[in-house]
Amino acid sequence: MTQELEDYILAHIDAEPEHLHELDRDTHIELLYSRMCSGHLQGRLLKMLVRMIRPKLVLELGTYSGYSAQCLAEGLLDDDAHLHTIEIEDELEDFLRAHFAKSPVGDRITLHIGDCNEILPRINKQFDLVFIDANKRQYVDYFNLVIDHVKPGGFIIADNTLWDGKVTDLHGKKMDDQTRGILDFNNLVAHDPRVETVILPLRDGLTILYKK
Ligand SMILES: C[S@@+](CC[C@H](N)C(=O)[O-])C[C@H]1O[C@@H](n2cnc3c(N)ncnc32)[C@H](O)[C@@H]1O
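Residues numbered from 1 in each chain as written. Predicted model: local features only at pLDDT ≥ 70, side-chain atom pairs only at ≥ 80, totals over all residues.

**What to know about the pairing of strand E6 (residues 195-200)**
For clarity, the cut-off: Strand pairing is assigned whenever DSSP identifies at least 2 bridges connecting the two strands. Helical segments are the DSSP runs of H or I of at least four residues, strand segments are the runs of E of at least two, and each set is numbered from the N terminus.
The pairing of E6 with strand E7 (residues 206-211) spans six bridges and is classified as antiparallel. Directly across from Val198, in E7, lies its bridge partner Ile208.

The following block contains the structure:
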C-alpha cells in the first residue's frame, strides 16, 4: 500500500485513542523491534473484529508492548468478557504492567509471562477467539496447541501470514525459518477440515479461521 493511501485510510477511520498513541510512541522510544507493534489500522480492525464476534474469552499469543492486547480488550462488550495474553520475554513485564495499569481496559487483561506452549495448558480454558502473533517459526505448533482450546463456532486470527510478501517471493532464494514456518502454517490451515479459512491482505497479512 502506498503511504498516501495509508494516510487516507487513517484519516477516515476511528482515531487512535490517546493512551494507545502514547503506547505506540513509548514502544518506538523504549523497545527494540518496534515494527512488531500492531499500530493504528490493525488495532482498530482487531477491536472491530472483537465487536463483531462478541467473545467472552480471548487469548493472545505474543503480547510484545501490549498494543494489540489493549485493542482486543477495548472491543469486549460483555461485562464479564476477558483477555488472556502470553509473552515470553520477561524484560517486557514492567513496561507491560505499567501500560496496562494506565489503560482504561487494563482490568480486562490478564498478562502471563512465559512460553505459551507451557502456559496455555495451565490456563486450560475454552476461548471464543485466539490471536496468534508470537514466533513465526512456531505457527504450526501454536495452531495445534490452540485448536482444542477454541470453542466450536469460535475464531483464530493469525498475524503476518503473508510475511512481507515472502510467501510468494521464493524464486531461487534460500528460505529462512520464519518464512518456512508461515508457509507450513498457511498450507496446514488451507487443508484442515476443522476450520474455514480466509486471508486478508492487510498490512503483513491476517488469516481468519472459523472453527466448525
Ligand atoms: C509480533 S510480536 C507481538 C506483537 C503484538 N501482538 C502487537 O500486535 O502489538 C511477537 C511477540 O511474541 C513473543 N513470543 C515469541 N515466542 C513466544 C512464545 N513461545 N510464547 C509467548 N510469547 C512469545 C515475542 O517475544 C514478541 O514479543
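**As for the site of the ligand**
Just so we agree on the cut-off: We call a residue near a molecule or strand when its C-beta atom, built from the backbone, sits within 6 Å of it. Side-chain classes are defined by residue name, with Ala, Val, Leu, Ile, Met, Phe, Trp, Tyr, Cys and Pro counting as nonpolar, Asp, Glu, Lys and Arg as charged, and the others, Gly among them, as polar.
What surrounds the ligand is a group of 19 residues, the closest being Ser38, Gly62, Tyr64, Ser68 and Ile88. Sorting the residues of the shell around the ligand by element identifies helix H4 (67-75), strand E2 (82-87) and helix H6 (116-123) as the ones contributing at least two each. Looking at side-chain class alone, the shell around the ligand contains nine nonpolar, six polar and four charged residues.

**Looking at the sheet that holds strand E3 (residues 109-113)**
Put simply, the rule reads: In this analysis, axes come from line fits to C-alpha atoms, helices being fitted only over the stretch in contact, and the angle between any two N-to-C directions falls in the range 0 to 180 degrees. Placing C-beta atoms from the backbone, we regard two residues as in contact once those atoms come within 7 Å.
Spatial strand order, E3-E2-E1-E4-E5-E7-E6: seven strands in an open sheet with mixed pairing. Single-partner strands in this sheet number two, and they are E3 and E6. Mean inter-strand twist for the sheet, computed between neighbouring axes without regard to direction, equals 15°. Relative to E2, strand E1 (residues 57-61) runs parallel, the two being bridged by five bridges. Residue pairing across strands places Val58 opposite Leu83, the latter belonging to E2. On the sheet, H6 packs against E1, E2 and E3 and is oriented at approximately 150° with respect to E2.

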